Amino acid sequence: MSDISSPIRVLIVDDSIVIRGFIVRILEQDSIFSVAATASNGLKAIEFLKNNTVDVIILDIEMPVMDGLEAIPKIKELDSFAQIVMASTLTQKNAEISIKALSLGATDYIPKPSSLEISHVTDFKRELRDKVEAIGRAAQAKRSKALEIAKQKDVVVRRDASAVPVFKTGKDIVLRPMSPLFVPSVIAVGSSTGGPQAVLELIKSIHQSIRQPVVITQHMPPSFTTIFADNIKKQFSVNCCEAQDGQVLEAGGYYVAPGDYHMLFVKQQSNVVIKLTKDPKENFCRPAVDPMIRSLVSVFGSKVLAVILTGMGYDGLKGSQVLADAGGVVISQDEASSVVWGMPGAVAGAGLSSAVLPLNDLGRMLIKIAKGGQK
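Residues numbered from 1 in each chain as written. Predicted model: local features only at pLDDT ≥ 70, side-chain atom pairs only at ≥ 80, totals over all residues. Heavy atoms only, no water.

S.K.: Would you explain the overall build of the protein chain in this entry?
M.R.: Secondary structure summary: the protein chain contains eleven helices and 14 strands in total. The C-alpha atoms of the protein chain give 21 Å as radius of gyration, which agrees with the globular expectation for 375 residues (21 Å, within 12%). Seen along its three principal axes, the alpha-carbon backbone of the protein chain occupies a region of about 60 × 50 × 35 Å. Per-residue burial for the protein chain yields a buried fraction of 54% across its 375 residues. Sequence separation of at least 24 residues holds for 73% of the intrachain contacts in the protein chain that already meet a minimum separation of 6. For the protein chain, the exposed surface amounts to about 16,000 Å²; the carbon and sulfur share of it is 51%. Put simply, the protein chain has 41 plus and 38 minus side-chain charges, and the middle of one group is 4 Å from the middle of the other. (Helix = DSSP H or I, 4+ residues; strand = E, 2+ residues; numbered from the N terminus. Rg over C-alpha atoms; globule rule 2.2 N^0.38 Å. Buried < 20%, exposed > 50% of the residue type's maximum accessible area, 1.4 Å probe, protein only. Contact = heavy atoms within 4.5 Å. Areas by Shrake-Rupley, 256 points an atom, 1.4 Å probe, with all protein chains shown as cover. Lys, Arg positive; Asp, Glu negative; His and termini not counted. Charge placed at Lys NZ, Arg CZ, Asp CG, Glu CD.)

Here it is as structure tokens:
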């Protein structure tokens, strides 16, 4: 069985020897990481993975011989427990490719500095360490649990997460009572690591059934949020956009907080209007979920339904406390279906959630609440 206290094994795949060495130096400063190998292209990474197991793969997009997109499905076929973090520079083209990579099975992405920017990358170093640690520990825990279940059932499960039954969290969660009369005026969605896939799955299940405006804060850099909003619009034929300052919330609309801006809300006569700010980061993030929820409560009072999806850290916890105190409702994604049970776990663990459900059940619950089905 895998020991989740053991170092997180990382494979770094990038055609730039400078970037590979830079990432190695960052990770090797901390004993919780172990760089298992580096590779200059996807094909070399796959050859390594045929005989070796890692927890996290940091994967470049553009490489010779085999690029990141081509490598992802081959990597997941070899070892579906291993988590893939795409590393790309912040361009619109790379944002589009990174979003596609997430749909193919990548877990997360990180904006990569160019060779010329390496001396100015404090945020990159912190984000890299935090993401690799959170994703790596989650991968180790799921692999360990899979092996435990396999051992009990006397079957062999080594590198295929799909062969493992869904397992429940062992943590005791106290659900917060929800009034049967509660009907929200607005729905807020907060997510981070693993969030893009989770948000798309949620919208897929609700977009034909609710009329409330849906506001979304997904931890993403600029240009990524533009592409993400456009993907939602095209995939589900809904009125979705990257939020703009001064924009009026409309029934049935979907609004994605733009990268590097907090999305807040103000009342102007009979309308609720979006206000974008560059207020200080919260939980190391901008956009952040906490200010979005607090702002919604200041406008809508108790008539806010917040959905906290997969993500590392605690963003959404303080905002959910404000919402719960105002009489609003929070529902959270469960541990088994989350890539990282940080954000939803923090909210659920604090007793603020009225439901903690697998991703494929969240939509049905959300529709029921939005339509007043609790009456």
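S.K.: What is the right way to look at the packing of aromatic side chains in this model?
M.R.: Aromatic ring pairs: the centre-centre distance and the angle between the two ring planes describe each pair. Taken as a whole, this structure holds two aromatic pairs when the rule is applied. Pairing F22 with F124 gives two aromatic rings, centres 5.9 Å apart and planes at 15°, and the pair type is stacked. One end of the pair, F22, is in helix α1 (residues 17-27); the other, F124, is in helix α5 (residues 122-153), and 102 residues separate them in sequence. Exposure remark for F22: the relative accessible area of 5% places this residue in the buried category. Exposure remark for F124: the relative accessible area of 7% places this residue in the buried category. (Phe/Tyr/Trp six-rings, centres within 6.5 Å; stacked < 30°, edge-to-face > 60°.)

S.K.: What is the right way to read the sheet that holds strand β7 (residues 214-218) from this model?
M.R.: Sheet strands line up and pair through hydrogen bonds in the backbone, either parallel or antiparallel. One open sheet accounts for seven strands, arranged β8-β9-β7-β6-β12-β13-β14; its pairing is parallel. Sheet topology places β8 (240-242) and β14 (355-357) at the edges, where each strand pairs with a single neighbour. Averaged over all pairs of adjacent strands, the angle between their axes in this sheet comes to 20°, without regard to strand direction. Both β7 and strand β9 (residues 254-256) contribute to a ladder of three bridges, which runs parallel. Looking across to β9, one finds that I216 is bridged to V256. Against the sheet, helix α6 (residues 195-206) makes contact with β6 (186-191), β7, β9, β12 (304-308) and β13 (329-333), and its axis sits at roughly 165° relative to β7, the strand it touches most. (Pairing = 2+ DSSP bridges. Axes fitted to C-alpha atoms, helices over the stretch in contact; angles between N-to-C directions.)

S.K.: Explanation requested: helix α4 (residues 92-104) in the structure shown.
M.R.: Given 3.6 residues to a turn, an α-helix orients residues that are three or four positions apart in the same direction. Look at α4: 19 Å from first C-alpha to last across 13 residues, which is about the 18 Å you get at 1.5 Å a residue. Turning to α4, its buried residues number three or more, namely N94, A95, I97, S98, I99, A101 and L102. Those residues of α4 hidden inside the fold are in contact with α3 (68-78), β4 (83-88), β5 (108-111), α6 and α7 (224-236). Of the residues flanking the end of α4, it is G105, one or two places downstream, whose phi is positive at about 130°. (Expected span 1.5 Å × (residues − 1).)

S.K.: It is not clear to me how the confidence of the model for the protein chain should be interpreted in this structure. Could you clarify?
M.R.: Close inspection of predicted coordinates is inappropriate in any region flagged by low pLDDT. Averaged over all residues, the pLDDT of the protein chain equals 89, while 90% of them reach at least 70. Below a pLDDT of 50 lies the segment residues 160-170, which in the model reaches 18 contacts outside its immediate sequence neighbourhood of four places, other chains included. (pLDDT = per-residue confidence, 0-100.)

S.K.: Quick question: what am I supposed to make of the pairing of strand β2 (residues 33-39) here?
M.R.: Side-chain direction in a regular strand flips from residue to residue, so the side chains alternate between the two faces of the sheet. Summarising the sheet, strand β1 (residues 8-13) and β2 pair through six bridges and their orientation is parallel. Bridging across to β2, V10 finds its partner in V35. A crossover connection joins β1 to the parallel β2 through α1; in handedness this β-α-β unit is right-handed. (Right-handed = clockwise from strand over helix to strand, strands pointing away.)

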